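Chains, contacts and geometry: an overview
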Amino acid sequence: MFWYEEEVKRLEKLQKTLEYQPQTAFYGSSTFTLWQSLYHDFAPFQPVNLGFGGSTLAACTWYFDRVFKYQKSLDNIIVYAGDNDLSNNRHPEEIYIFLFQLFEKVKERYGDIHCSYVSIKPSPIRWYLNDQVKYTNMIIKNEIEARQNPYWHFVNIYDNYLGYDNRPNPQYYENDGLHFNTQGHNILKEILLKHLSQFKQV
């Protein structure tokens with residue numbers, strides 16, 4: 001995990017510069033890290049962007065205590081990670097295990113706060129992983145629903161990024177075929193604003 005060290009140090013410095021107490025943490029991979037308008041888009045929810053580039057769910061779980069040590073209280077944690085795990089040859093069941101380990105860490109630290117897992121997106125460059133992406137999303141969704149924990153949520157974004165041919169729509173991605181462009185992030189923004197608005201009047 002040492003290759004994430006500089007990114008984790010960046011997050012530690014970032015949190016010391018905030019002039020408000022965050023209510024909503026965005027945690028995960030570059031889908032959040034590269035979201036330039038995130039602070040503006042979610043301003044009513046007092047956001048902090050704790051995404052770090054290239055991160056996996058395994059890394060998110062590993063670094064949770066260190067990354068979140070400056071956050072004494074939160075209302076919501078939004079998690080996006082998992083596609084990097086799959087591209088690193090992790091099995092869907094491993095991702096499933098890491099996510100629920102992470103959720104348990106959140107509960108231990110903050111008690112009952114809303115933890116939302118954003119489904120793994122389809123992406124043009126990783127279309128070869130699509131069966132694993134869909135399976136990972138399915139087993140996580142099914143487990144969250146089975147546990148009936150009112151604070152744990154599954155946010156499905158997968159279908160929103162498909163074109164008429166049921167393949168990833170390239171208009172939502174950067175030229176690398178992996179990361180969202182502004183259009184892609186705007187779709188995610190609308191989904192998450194609607195989701196978060198269930199928990200707080202803004």
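Throughout what follows, the structure given in this document is the object of discussion. In this text, all values refer to a predicted model and were calculated from it rather than measured experimentally.

Digging into the packing of helix H6 (residues 92-110) against helix H7 (residues 130-147)
- Relative orientation of the contacting elements H6 and H7 amounts to 40 degrees, with a least axis distance of 9 Å. Regarding the angle of H6 to H7, the classification is oblique. Of the two elements, H6 crosses H7, and the hand of that crossing is right-handed. Side by side, H6 and H7 meet where Pro-92, Glu-93, Ile-95, Tyr-96, Leu-99, Phe-100, Phe-103 and Glu-104 of the first sit next to Gln-132, Tyr-135, Thr-136, Ile-139, Ile-140, Glu-143, Ile-144 and Arg-147 of the second.
- Considering only residue class, the contact of H6 with H7 consists of 10 nonpolar, 2 polar and 4 charged.

Thoughts on the packing of helix H4 (residues 57-67) against H6
- It is the contact of H4 with H6, at a shortest axis distance of 8 Å, that shows an interaxial angle of 20 degrees. When the axis of H4 is compared with that of H6, the two are roughly parallel. In this structure, H4 crosses over H6, and the sense of that crossing is left-handed. For the pair H4 and H6, contact is made by Leu-57, Ala-58, Cys-60, Thr-61, Phe-64 and Asp-65 and by Ile-95, Phe-98, Leu-99, Gln-101, Leu-102, Lys-105, Val-106, Arg-109 and Tyr-110, respectively.
- The residue makeup of the contact of H4 with H6, split by class, is 10 nonpolar, 2 polar and 3 charged.

A closer look at the pattern of salt bridges
- Overall, the coordinates contain 13 salt bridges when judged by the stated rule.
- Between Lys-9 and Glu-6 there is a salt bridge whose closest N-O contact spans 3.9 Å. Residue Lys-9 and its partner Glu-6 are both found in helix H1 (residues 5-17); the two are separated by 3 residues, about one turn of the helix.
- Given a relative accessible area of 36%, Lys-9 falls into the partly exposed group.
- Of the charged contacts in the structure, one is a salt bridge between Asp-83 and Lys-121, with a shortest N-O distance of 3.1 Å. Here the residue Asp-83 occupies a position in helix H5 (residues 83-87), and Lys-121 occupies one in the loop between strand E4 (114-118) and H7, the gap between them amounting to 38 residues. Lys-121 matches Asp-83 in its accessibility class, with the two residues each being buried.

About the criteria used
Residues numbered from 1 in each chain as written. Predicted model: local features only at pLDDT ≥ 70, side-chain atom pairs only at ≥ 80, totals over all residues. Heavy atoms only, no water. Axes fitted to C-alpha atoms, helices over the stretch in contact; angles between N-to-C directions. Helix = DSSP H or I, 4+ residues; strand = E, 2+ residues; numbered from the N terminus. Parallel < 35°, antiparallel > 145°, perpendicular 65-115°, else oblique. Left-handed = near helix turned anticlockwise from the far one by under 90°. Contact = heavy atoms within 4.5 Å. Nonpolar A, V, L, I, M, F, W, Y, C, P; charged D, E, K, R; others polar. Salt bridge = Lys/Arg side-chain N within 4 Å of Asp/Glu carboxyl O. Buried < 20%, exposed > 50% of the residue type's maximum accessible area, 1.4 Å probe, protein only.

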